[in-house]
Amino acid sequence: MGTGVQSPTPPIPFFTHWPPALRRHGCRLPPNPSASRRRRSHHRRDCRVRSRVPTLVATGDGAACPRCGSVTTAVHGRYRRTLHDRPCLGLPVAFAVTARRFFCRRTDCPRRVFCERLPELTEPHARTTSELTEAHRRIGLALGGEAGARLAAALGLPTSPDTILCRVQSGPDEPAPRPRYVGLDDWATRKGHTYGTILVDLERGTVIDLLPGRDGEAVKAWLAANPQVEVITRDRWPAYIQAATSAAPQAKQVADRFHLLTNVREAVEKILSRVASDVRAANATMNAPALAEPAVPPASPEPAVPLTDTQQRKAAKRQAREERFRRVKVLTAEGLSVRQIARRLRMSYKAILRYRRQDRCPDWEAGQARPSALDPFTGFVADWIAAGNRNSRDLYRALRAKGFAGGYDAARRYLNRRIGSTGRPGRRAPTAVATPAERTPPSARKLSFRVANPKPDGHSAKVLTALRAGNPSVHAALATAEELMAMIRKTSATPLAEWITKATALGDRDLSNLAASLASDAAAVQAALTEPWSNGQVEGQVGRLKAIKRQMFGRAGMKLLRARVRHKG
């Protein structure tokens, strides 16, 4: 008969005093004094116990039926269950519990036999204590499934990623008072296809709930169930306006100031896109002094270089773009609508609108020279390089002495483009002072941002100044838009109704459309100009929601995502 070696039982810590939760429930160790003394002496020797799993016995007087709630003491039988607990001194902890089954004596109760519950120790059917389950849940709320399982194993709480996610979803909601100040915004479950709505408690800075869809129906049902709401901040999405107006008429609605500024800037961009010829004229006026400077002519004309494959592809794309632009203009002159043109040419709705506003085909050349803060110092840098200097730090100090306000990295990159860097050849420029390049006119979008965020220096600011000086109607429209921006930033106290009247009387098409849009939501816009509430917190929570979604690779369902986002952390 062969002999075999049985693997030893993993070390289990032995406690002379069991946790209060066990004592409160009436659990006790089986009466075995000798075994207890052996375990205590062994524990005193090397703080480890190599013995079987200790057993606890429930000794309560009775139990309540989970179906009808009646208390009974009629014992049907006993069963044994093993529970795992949090580790102690780096060692795993497990113990067995001998629980009882009881008869339910009520004749009208469908349950005849039930198992007694141990609410302070574990959940029904669970194999871990409540404390270990809570530890797994908190790890999952912070990290998710896979990363949480790896951390749990390192902490001595091994479990599977699926178990962690199940415990996150089955956990109870954190108690919170009923909100009075609520912020609404939409978020993309799948961008361009499926959206949801996030509710944020502005008073406490926490997420209240995630609702499906952004059509306003779920928001309407939630507001109807929460009549205590006093303030609702939102963007100007029509579905949210209608839901808040119908389901919470007692609440004050506040439009988001960031979105109001965005609406004004977009109106300014449309105004500037209509005067593209004036923008080019202003840009030529600003380029004239630079082009008038004396320049050293090239020594000899360079021979014509054939176009590369990349340049030929760019030229072909530009030719196709100019043809599309020409066809848009022709179809517009024939009286076709934007939607009809988009269907016929298979172009986007926004591209058709952009082409219709401009008088020549826009040019998007990737890699073309962009304006730089070092352009005024081109001659100085060329002389500095011609003198044999190469150290970028010395150039930066010299430029600072000349009034350069940029950073060291800008000077270093500019120098590397001029002479190349050691071990990494760059684009080299001739040491002689070349003719200053003519700056391209800034786009309407760039000029609109300059109107929203004025900066006196820079080429675009100078072009904008020249444009306003040469076109009084554009100057009046931009001044009206700047007045509304000052009202939104609360640096001007002009009433909203007065501004709407002024913008409508000005006669500008885009400003009139903006004024009509604001007038349709006048109460919420006026509240945005006076109230301290805004949707800033909501935008931050949307960013946090996106980070959690990406952490789980976009595979989290609504229930799991809701549990993680609502967790305060």
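Positions within a chain are numbered from 1, following the residues in the order the chain's sequence is written. Predicted model: local features are reported for residues with pLDDT of at least 70 only, side-chain atom pairs are reported and counted for 80 or more only, and whole-chain, interface and lining totals are derived from all residues. Working from all heavy atoms in the structure, the side-chain values ignore hydrogens and water.

Enquirer: Honestly, the sheet that holds strand 9 (residues 194–201) in this entry has me stumped. Any pointers?
Expert: Sheet strands associate in pairs through backbone hydrogen bonding, adopting either a parallel or an antiparallel arrangement. What makes two strands pair is DSSP finding at least two bridges between them. Every helix listed is a DSSP run of H or I at least four residues long, and every strand listed is a run of E at least two residues long, numbered separately from the N terminus. Pairing is mixed across the open sheet formed by 5 strands, whose spatial order is 10-9-8-11-12. Across the chains shown, the open sheet's two edge strands, defined by having one partner strand only, are strand 10 (206–212) and strand 12 (252–255). Taking the axes of each pair of neighbouring strands and ignoring which way they run, one obtains an average angle of 25° across the sheet. In this sheet, strand 11 (residues 231–234) lies alongside strand 8 (residues 181–190) in parallel orientation, the contact comprising 3 bridges. When the sheet's bridge partners are listed, Gly 183 is paired in strand 11 with Thr 233. Contact criterion: two residues are considered in contact whenever any of their non-hydrogen atoms come within 4.5 Å of each other. Think of each axis as a best-fit line through the C-alpha atoms, taken over the contacting stretch in the case of a helix, with angles from 0 to 180 degrees between the N-to-C directions. Sheet contacts for helix 23 (residues 558–566): strand 8 and strand 10; angle to strand 10, the most-contacted strand, approximately 165°.

Enquirer: How should the pairing of strand 9 be read in this particular structure?
Expert: Along any regular strand, the residues point their side chains to alternate faces of the sheet. Any residue under 20% of the maximum accessible area for its type is buried, any over 50% is exposed, and the rest in between are partly exposed; the area is computed with a 1.4 Å probe on protein chains only. In terms of burial, strand 9 is a largely internal element, 6 of the 8 residues being buried. As judged from the 8 bridges shared by strand 8 and strand 9, these two strands associate in the antiparallel manner. Looking at strand 9, one finds that Leu 184 is bridged to Leu 199. If you look at the hairpin formed by strand 8 and strand 9, you'll find 3 residues sitting between the two strands, and Gly 192 has a positive phi there, around 85°. Across 6 bridges, strand 9 lies against strand 10 in antiparallel orientation. For Leu 199, the partnering residue across the bridge sits in strand 10 and is Asp 209. Connecting strand 9 to the antiparallel partner strand 10 that follows it, the hairpin turn spans 4 residues, and Gly 205 within it adopts a positive phi of roughly 70°.

Enquirer: Can you help me understand the side chain of Thr 98 in this one?
Expert: Mapped onto the elements of the fold, Thr 98 is located in strand 6 (residues 91–103). Relative accessible area serves as the criterion here: at 18%, Thr 98 is assigned to the buried category.

Enquirer: Can you walk me through the packing of aromatic side chains in this structure?
Expert: Any pair of aromatic rings gets described here by the distance separating the centres and the angle formed by the planes. Here a Phe, Tyr or Trp ring, Trp counted by its six-membered ring, pairs with any other such ring whose centre lies within 6.5 Å, and the pair is stacked when the planes are under 30 degrees apart, edge-to-face when over 60, and tilted otherwise. One pass over the structure, following the stated rule, counts 5 aromatic pairs. Ring geometry for Phe 102 and Phe 114: centres 6.0 Å apart, planes at 25°, overall stacked. Remark: Phe 114 occurs in strand 7 (residues 113–115) and Phe 102 occurs in strand 6; sequence separation between them is 12 residues. You'll find Phe 102 and Phe 114 in the same group, each marked buried. The interplanar angle of 20° and the centroid separation of 4.5 Å between the aromatic rings of Tyr 181 and Trp 533 together place this pair among those described as stacked. Here Tyr 181, found in strand 8, pairs with Trp 533, found in the loop between helix 21 (522–530) and helix 22 (536–551); they are 352 residues apart in sequence, far enough to count as distant. A residue is classified by how much of its surface remains accessible, and Trp 533, at 22% relative accessible area, is partly exposed. Only when the NZ of Lys or the CZ of Arg is both within 6 Å of the ring centre and within 35 degrees of the ring normal is a charge said to sit over the ring. It is Arg 214 that lies over the ring of Tyr 195; its NZ or CZ is 3.7 Å from the centre.

Enquirer: What am I meant to see in the packing of helix 8 (residues 257–274) against helix 20 (residues 509–520) here?
Expert: Each pair of packed helices can be described by the angle between their axes along with the distance between the axes. The interhelical angle for the contact between helix 8 and helix 20, taken along N-to-C directions, is 160°, at an axis separation of 9 Å. Between helix 8 and helix 20, the angle is such that the two are roughly antiparallel. Judged by the sense of rotation from one axis to the other, the crossing of helix 8 with helix 20 is right-handed. For the pair helix 8 and helix 20, contact is made by Leu 260, Asn 263, Val 264, Ala 267, Lys 270, Ile 271 and Arg 274 and by Arg 509, Asp 510, Leu 511, Leu 514 and Leu 518, respectively. Roughly parallel covers angles under 35 degrees, roughly antiparallel covers those over 145, roughly perpendicular covers 65 to 115, and oblique covers all other angles. A clockwise turn of the near helix away from the far one marks a right-handed crossing, whereas an anticlockwise turn of less than a right angle marks a left-handed crossing.

Enquirer: Is there a simple way to explain empty space enclosed by the protein in this structure?
Expert: Rolled over the atoms, a probe sized like a water molecule indicates the empty space that remains. Cavities and pockets are found on a 1 Å grid laid over the protein atoms alone: a cavity is a set of points where a 1.4 Å probe fits but cannot escape, a pocket is an open set with protein on both sides within 12 Å along at least five of seven lines, and a lining residue has an atom within 4 Å of such a point. Grid points are joined across faces, edges and corners, and a volume is the space filled by probe spheres set on the points. Summed over all chains, the structure comprises 1 cavity of 30 Å³ or more. Taken as a whole, the largest cavity spans an internal volume of roughly 30 Å³. What lines the largest cavity is Leu 260, Leu 484, Ile 488, Leu 518, Val 525 and Leu 529. Mapped onto the lining of the largest cavity, the elements with two or more residues apiece are helix 18 (472–488) and helix 21. By the convention adopted, Pro, Cys, Tyr, Trp, Phe, Met, Ile, Leu, Val and Ala count as nonpolar, Lys, Arg, Asp and Glu as charged, and the other residues, Gly among them, as polar. Here the residues of the lining of the largest cavity are counted per class, giving 6 nonpolar, no polar and no charged.

Coordinates in, geometry out; function isn't part of it.
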